[in-house]
Amino acid sequence: MSDDELFGRDEEFAALAALIDGLPKAGGALVVRGAPGIGKSALLARAARQAELSGVTVLTASGVEAESQLPFVGLYQLTRTMLDQVPGLPPVQAEALLGAFGLAEPSPTGRAPQLFMIALATLDLLGEAAGQAPVLLVVDDAQWLDAPTVGVLAFIARRLGSEPLGMLFGIRDGHTTGLDALALRELRLRPLTRTEAGALLDAVEPQLEPPLRHRVLDAAAGNPLALIELPAALRERGATAEALTSSAIPLTSRLEQAFASRLLNLPSEACSVLLVAASDDEGELGEVLAAASILAGTDLSPESLSPALAIGLVTADEHRIRFCHPLVRSAVLQTASLAERLAAHRALATVLDGQPDRQTWHRAAASDRRDESVAMQLDLTAARAEARGASAVALAALERSMALGENPARKGKRLLKAAELALELGRTDQAAALLQLSEPLERDVLERARAVLLSEGLELDVSTSIPRLHLLIATAEEAAAAGDPELALRLLRAAARRCWWSDPGRALRERVVAAAERLPVPELHPDLIFVLVGATPLERGATVIERFERLERQGGFDALAASTLGTAATMMGGYDHAAGFLRHAAAGLRAQGRLGLLAQTLVSLSFTSAHIVDWESGLPSVAEAIRLAEENAQPRWLTGALIAKAHFSAVLGDVETAQTVIEQAERQALAVASPSNLAFIQITRGVIGLAAGRHAEAFACVWRVFDPTDPAHHPYLQTIAISTLAEAAVSDEERALARKALSRLDESAATTTARLIRANLGLAHALLADDEDAEASFRSALALDLSRDPFTRARLLLAYGIWLRRRRRVMESRAPLRIAKGSFASLGAQPWHERACQELRSAGEGGAQSMSSDWDVLTPQELQIAQLASTGLSNREIAQQLYLSHRTIGAHLYRIYPKLGITSRGQLRDKLQLGGW
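Here's a quick rundown of the structure.

Thresholds, definitions, all that
Residues numbered from 1 in each chain as written. Predicted model: local features only at pLDDT ≥ 70, side-chain atom pairs only at ≥ 80, totals over all residues. Heavy atoms only, no water. Helix = DSSP H or I, 4+ residues; strand = E, 2+ residues; numbered from the N terminus. Buried < 20%, exposed > 50% of the residue type's maximum accessible area, 1.4 Å probe, protein only. Contact = heavy atoms within 4.5 Å. Areas by Shrake-Rupley, 256 points an atom, 1.4 Å probe, with all protein chains shown as cover. Axes fitted to C-alpha atoms, helices over the stretch in contact; angles between N-to-C directions. Left-handed = near helix turned anticlockwise from the far one by under 90°. Nonpolar A, V, L, I, M, F, W, Y, C, P; charged D, E, K, R; others polar. Phe/Tyr/Trp six-rings, centres within 6.5 Å; stacked < 30°, edge-to-face > 60°. Polar contact = N/O pair within 3.5 Å; in protein donor to acceptor, adjacent residues only side chain to side chain. Salt bridge = Lys/Arg side-chain N within 4 Å of Asp/Glu carboxyl O. Parallel < 35°, antiparallel > 145°, perpendicular 65-115°, else oblique. Pairing = 2+ DSSP bridges. Core = buried A, V, L, I, M, F, W, Y, C linked by side-chain atoms within 4.5 Å.

**As for the overall build of the chain**
Turning to step 1, where the next piece is worked out: Counting its regular elements, the chain contains 46 helices and seven strands.
Turning to step 2, where the next piece is worked out: Each of the three principal axes of the chain carries a C-alpha extent, and together these read 105 × 65 × 50 Å.
Turning to step 3, where the next piece is worked out: Counting every position in the chain, which comprises 917 residues, the buried fraction comes to 56%.
Turning to step 4, where the next piece is worked out: In the chain, the share of contacts with a sequence separation of at least 24, taken over all contacts with a separation of at least 6, comes to 69%.
Turning to step 5, where the next piece is worked out: Accessible surface for the chain amounts to roughly 36900 Å². Of this, 52% is attributable to carbon and sulfur atoms.

This is the structure in structure tokens:
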């Protein structure tokens, strides 16, 4: 790399300098993209020097293609000078980060560290350094970074905010990376103009003959590296240099040939060292010389590298060899024969005792035929990578293992494991292809069961398929007979989920439950409860509620169990039970760094909070669920979070936002099949219609959930939708349809004790009753336990007050209307509050109750941070929960205090109490 490559790049460098100059106040990220040799590396190196002169801590790394399958090697490059600070991190973070680098013993729980926990540890490590001086990460050739490192850097890039932390990435044209989805600011390096190129060429080759100068300018096409390297190559090759200037050959290939021409006259010992260094993933001088000695058949010293150093192909110090440009590495490899490249990898494998993963990858690279022993070593490498939280690297190791393996039985196991990893990584197409390849191979009973379960995770059509249900049940029974009841229960859970999506008939649903109840698992097993809920949410509702109550008293369940229980409670309308389970799950999943599952849990918590209008926890949950679902590329859960946001917006009176968000959710839902989401969208559209006073529109939307011919039809969510349908039913025809739907639900839900379902049915009966039965229906509904569903109770009181007033019982109407008005005000349900005020005025009682609150000025994320800070948590503890840096938390609090008219953390608690929280 030469400063000559920066010729004509003053404008581009100014963009990098501006980012560096702004670091003391705010972070930022910039991608420098361009063709090989266009000047990316030189520009990044100059930026790094400029930053260091400005007092910025600069951390560098460079991607190497040979290293792309080694987990976290890029991250280790970046942070290796800071590892002495790792013990100062919270223990769970320190353990995760050191475990990722293979510097700590495996977790005693046997659970692999989550990538997000490793990323949070890195963010905190960098944040601490940024507290002393701004920090700049400079990553060249980022297209060749290992996938786990890219994941960590993407996590950090999303959270730069006000942190004095900058990131510069160099990426070669034509390569996609995991950073692309972030839409980071990009600087694309253009070729030099003809005038600029001529000036650069004259500066580096002032004596070049005019004909040769003209050929170089044409061949280089404005590429600085080509302008520097081609003249010497053309002079050396003379009449044979046509390939170097032919426009039919890509410039990258011509540059590789130019570098290759400089290899021709090197001694064989230097060529051996260069070939080993080009094949190596570390460039560590001692190991390169040891392997090159094996290759050359004689001991080589550092002196053997001198000829290559003299002509500028590499640089070296006492520790490491570095190529002056990635194209030099490519040229060395292209010049060598296949046999020579295989021998270089074989020599490296020989000297890498004590480094099993690197040794195995080189043995695999040295294999020119199938070798089961190497394949088995790759299996172990995959297991170690998975244990370190690097599933992408584990998958790559298994793919290479399958290519080298000879044993058909092991190949089937490898394909199945690889498919499971691909699904875990969200690579559904790859998982499906791997699963299909495994089908012709011999598999035992449990492997067949795992394949069926895996195919269920890949299934895009989530509607009920009767043959599919029979397959799941039969496979579960086979797995149980083979001694794996847990696998059998997971298969039945999948079957129950299909039953919940679309009713296959009671007989088949009961068969799913019977198969689950025959398994030797505890009756409080979360997956067993999920099966009962999914297959028989109304028929076994009372049984499930009783088990929920026992579990709540008993406690002691982990985050995964709590997530399963909370989701099950949400599915059956047991929102009063769901909230506790889901909050417990969210706390545990945060601590474990399982942000994919956390996003799913927060969506369920958002639905729960939306339906009981608990905006204190609901609005922050919705905002975080949206952020995490977008970050984790979880479209189905993003749809769910958007539905919850639209529901909240409607209830709180922001109809315009609700309409915009539900339309966005509907577009998402059409791309990702999910009957429950389609049903929830129509229910939410009904709530929006009610909030806007458009009752006919509301009824038409919600009725789709009850219409068996409609894609949004959902047999169990009708118990959630019935109260909205009844409130929207105004015309005689609508009321008649709603009564028929209510009658069917009375029969199917007769045995359930879920409070929300009983409350919804009670409200619907009161709203739809004939005059002679109405008062009894209202009194019966009000006698229910509605303490955990204040919104339903307030709607019931409003409807009762309206009914009384319209029957000229004005004095009696005021009490329920007054209570409803106060409840709606405290809940923030503005449209219903306005109706209650209007009805009270019609009943002769004036005065409006303000619904404004100091907390309305906070964003959902600020509200969440304020709530956590008010409990006494430190900035660092809040940051660990929300996967942000503690400095970002401090910046949020700095903005929160003046918004609330306070000056200290202690005042937050008082403010919360004054707000009635």
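**Some remarks on helix 43 (residues 860–870)**
Turning to step 1, where the next piece is worked out: Taken across its 11 residues, helix 43 has nine buried, putting it largely inside the fold.
Turning to step 2, where the next piece is worked out: For helix 43, the complete set of buried residues consists of Glu-862, Leu-863, Gln-864, Ile-865, Ala-866, Gln-867, Leu-868, Ala-869 and Ser-870.
Turning to step 3, where the next piece is worked out: Gly-872, located one to two residues past helix 43, shows a positive phi value of around 100 degrees.

**A few points about the packing of helix 28 (residues 559–571) against helix 30 (residues 595–611)**
Turning to step 1, where the next piece is worked out: Between helix 28 and helix 30, the least distance of the axes is 10 Å, while the angle of their chain directions is 35 degrees. Note that helix 28 runs across helix 30; the crossing there is left-handed. Only Leu-597, Thr-601, Ser-604, Phe-607 and Thr-608 of helix 30 make contact with helix 28, whose side of the interface consists of Leu-560, Ser-563, Thr-567 and Thr-570.
Turning to step 2, where the next piece is worked out: Residues of the contact of helix 28 with helix 30, tallied by class, amount to three nonpolar, six polar and no charged.

**Focus: the packing of aromatic side chains**
Turning to step 1, where the next piece is worked out: Within this structure, the stated rule accounts for 12 aromatic pairs.
Turning to step 2, where the next piece is worked out: Relative to Phe-824, the ring of Phe-791 lies with its centre 6.1 Å away and its plane at 75 degrees, an arrangement referred to as edge-to-face. Separated by 33 residues along the polypeptide, Phe-791 in helix 40 (residues 790–806) and Phe-824 in helix 41 (residues 810–827) bring together distant segments of the chain.
Turning to step 3, where the next piece is worked out: Look at Phe-791 and you get buried, because its relative accessible area is 6%.
Turning to step 4, where the next piece is worked out: An aromatic cluster is present here, built from Phe-548, Phe-557 and Phe-581 joined pairwise through their rings.

**Brief notes about the side chain of Ser-723**
Turning to step 1, where the next piece is worked out: Structurally, Ser-723 is set in helix 36 (residues 718–728).
Turning to step 2, where the next piece is worked out: By relative accessible area, which is 2% here, Ser-723 ends up buried.
Turning to step 3, where the next piece is worked out: Only 3.3 Å separates the side chain of Ser-723 from the side chain of Asn-760, close enough to count as a polar contact.
Turning to step 4, where the next piece is worked out: The contacts of Ser-723, once residues within four sequence positions are left out, are Asn-760, Leu-763, Leu-767 and Arg-795.

**With respect to the pattern of salt bridges**
Turning to step 1, where the next piece is worked out: Here the structure, examined in full by the defined rule, presents 52 salt bridges.
Turning to step 2, where the next piece is worked out: Linking Arg-506 and Glu-510 is a salt bridge whose minimum nitrogen-to-oxygen distance equals 3.5 Å. Residue Arg-506 and its partner Glu-510 are both found in helix 25 (residues 506–517); the two are separated by four residues, about one turn of the helix.
Turning to step 3, where the next piece is worked out: For Arg-506, a relative accessible area of 49% puts it in the partly exposed group.
Turning to step 4, where the next piece is worked out: Sharing partners across several salt bridges, the network here consists of Arg-33, Asp-173, Asp-180, Glu-186 and Arg-188.

**Things to note about helix 17 (residues 356–365)**
Turning to step 1, where the next piece is worked out: In terms of burial, helix 17 is largely enclosed, as seven of its 10 residues are buried.
Turning to step 2, where the next piece is worked out: Taken together, the buried positions of helix 17 are Asp-357, Arg-358, Gln-359, Thr-360, Trp-361, His-362 and Ala-364.
Turning to step 3, where the next piece is worked out: The inward-facing, buried residues of helix 17 contact helix 12 (268–279), helix 13 (285–296), helix 16 (338–351), helix 18 (372–387) and helix 19 (391–404).

**Remarks on the packing of helix 31 (residues 615–631) against helix 32 (residues 635–651)**
Turning to step 1, where the next piece is worked out: The interhelical angle for the contact between helix 31 and helix 32, taken along N-to-C directions, is 150 degrees, at an axis separation of 9 Å. With respect to their mutual orientation, helix 31 and helix 32 come out roughly antiparallel. Handedness of the crossing formed by helix 31 with helix 32: left-handed. Mapping the contact onto sequence places Trp-615, Gly-618, Leu-619, Val-622, Ala-625, Ile-626, Ala-629 and Glu-630 in helix 31 and Trp-637, Leu-638, Ala-641, Leu-642, Ala-644, Lys-645 and Phe-648 in helix 32.
Turning to step 2, where the next piece is worked out: The residue makeup of the contact of helix 31 with helix 32, split by class, is 12 nonpolar, one polar and two charged.

**As for the sheet that holds strand 3 (residues 135–140)**
Within a beta sheet, neighbouring strands are joined by backbone hydrogen bonds and run either parallel or antiparallel to one another.
Turning to step 1, where the next piece is worked out: A sheet is described by the order of its strands in space; here five strands give the open sequence 2-3-4-1-5, paired in parallel fashion. At either margin of the open sheet sits one strand with a lone partner, and together these are strand 2 (57–62) and strand 5 (185–188). Ignoring strand direction, the axes of neighbouring strands in this sheet form an average angle of 15 degrees.
Turning to step 2, where the next piece is worked out: Two strands pair when backbone bridges link them, and strand 3 and strand 4 (residues 165–172) are joined in this way by five bridges, in the parallel orientation. Bridge pairing in strand 4 places Val-135 opposite Leu-165.
Turning to step 3, where the next piece is worked out: On top of the sheet, helix 2 (residues 40–53) reaches strand 1 (28–34), strand 2, strand 3, strand 4 and strand 5; it is set at about 165 degrees to strand 3, its chief contact.

**Focus: the nonpolar core**
Turning to step 1, where the next piece is worked out: Phe-169 and Phe-548 are the most contacted members of the largest nonpolar core, which totals 225 residues.
Turning to step 2, where the next piece is worked out: Discounting residues that sit within four places of it in the chain, Phe-548 has contacts with Ile-529, Leu-565, Ala-568, Ala-569, Met-572, His-577 and Phe-581.
Turning to step 3, where the next piece is worked out: Counting 48 residues, the second largest nonpolar core, distinct from the first, contains Ala-220, Val-273, Ala-277 and Leu-327.

**Thoughts on the environment of Ile-156**
Turning to step 1, where the next piece is worked out: Its location among the elements puts Ile-156 in helix 6 (residues 147–157).
Turning to step 2, where the next piece is worked out: In this structure Ile-156 comes out as buried when scored by relative accessible area, which is 0%.
Turning to step 3, where the next piece is worked out: Through-space distance from the C-alpha of Ile-156 to that of Asp-357 is 27 Å; in sequence the pair is 201 residues apart.

**Digging into unusual backbone geometry**
Residues apart from glycine generally show negative phi values, whereas peptide bonds are mostly found in trans.
Turning to step 1, where the next piece is worked out: Although it is not a glycine, Asp-141 sits at a positive phi angle of roughly 50 degrees.
Turning to step 2, where the next piece is worked out: When you line up the elements, Asp-141 lands in the loop between strand 3 and helix 6.
Turning to step 3, where the next piece is worked out: Overall, Asp-141 belongs to the buried group, its relative accessible area being 5%.
Turning to step 4, where the next piece is worked out: Even without being glycine, Arg-808 reaches a positive phi, approximately 65 degrees.
Turning to step 5, where the next piece is worked out: Mapped onto the secondary structure, Arg-808 falls in the loop between helix 40 and helix 41.

**Focus on the side chain of Gln-77**
Turning to step 1, where the next piece is worked out: Looking at where Gln-77 falls in the secondary structure, it is placed in helix 3 (residues 73–79).
Turning to step 2, where the next piece is worked out: Among the polar contacts listed, one links the side chain of Gln-77 to the backbone nitrogen of Ser-62, at a separation of 3.2 Å.
Turning to step 3, where the next piece is worked out: Setting aside chain neighbours within four positions, we find Gln-77 in contact with Thr-60, Ala-61, Ser-62 and Glu-67.

**Some details on the environment of Leu-78**
Turning to step 1, where the next piece is worked out: Along the chain, Leu-78 falls in helix 3.
Turning to step 2, where the next piece is worked out: The class of Leu-78 is buried, set by a relative accessible area of 4%.
Turning to step 3, where the next piece is worked out: Each C-alpha atom of the pair Leu-78 and Gly-34 lies 23 Å from the other, and the pair is 44 residues apart in sequence.
Turning to step 4, where the next piece is worked out: When sequence neighbours within four positions are dropped, the list of residues in contact with Leu-78 reads Leu-59, Thr-60, Ala-61, Leu-137, Val-138, Val-139 and Leu-153.

**With respect to the environment of Ala-112**
Turning to step 1, where the next piece is worked out: Mapped onto the fold, Ala-112 is located in the loop between helix 4 (91–100) and helix 5 (115–132).
Turning to step 2, where the next piece is worked out: Residue Ala-112 is classed as partly exposed on the basis of its relative accessible area, which comes to 24%.
Turning to step 3, where the next piece is worked out: Put simply, Ala-112 and Ala-387 are 275 residues apart on the chain and 4.5 Å apart in space, counted from C-alpha to C-alpha.
Turning to step 4, where the next piece is worked out: For Ala-112, the residues in contact, after removing those within four places along its chain, are Glu-386, Ala-387 and Gly-389.

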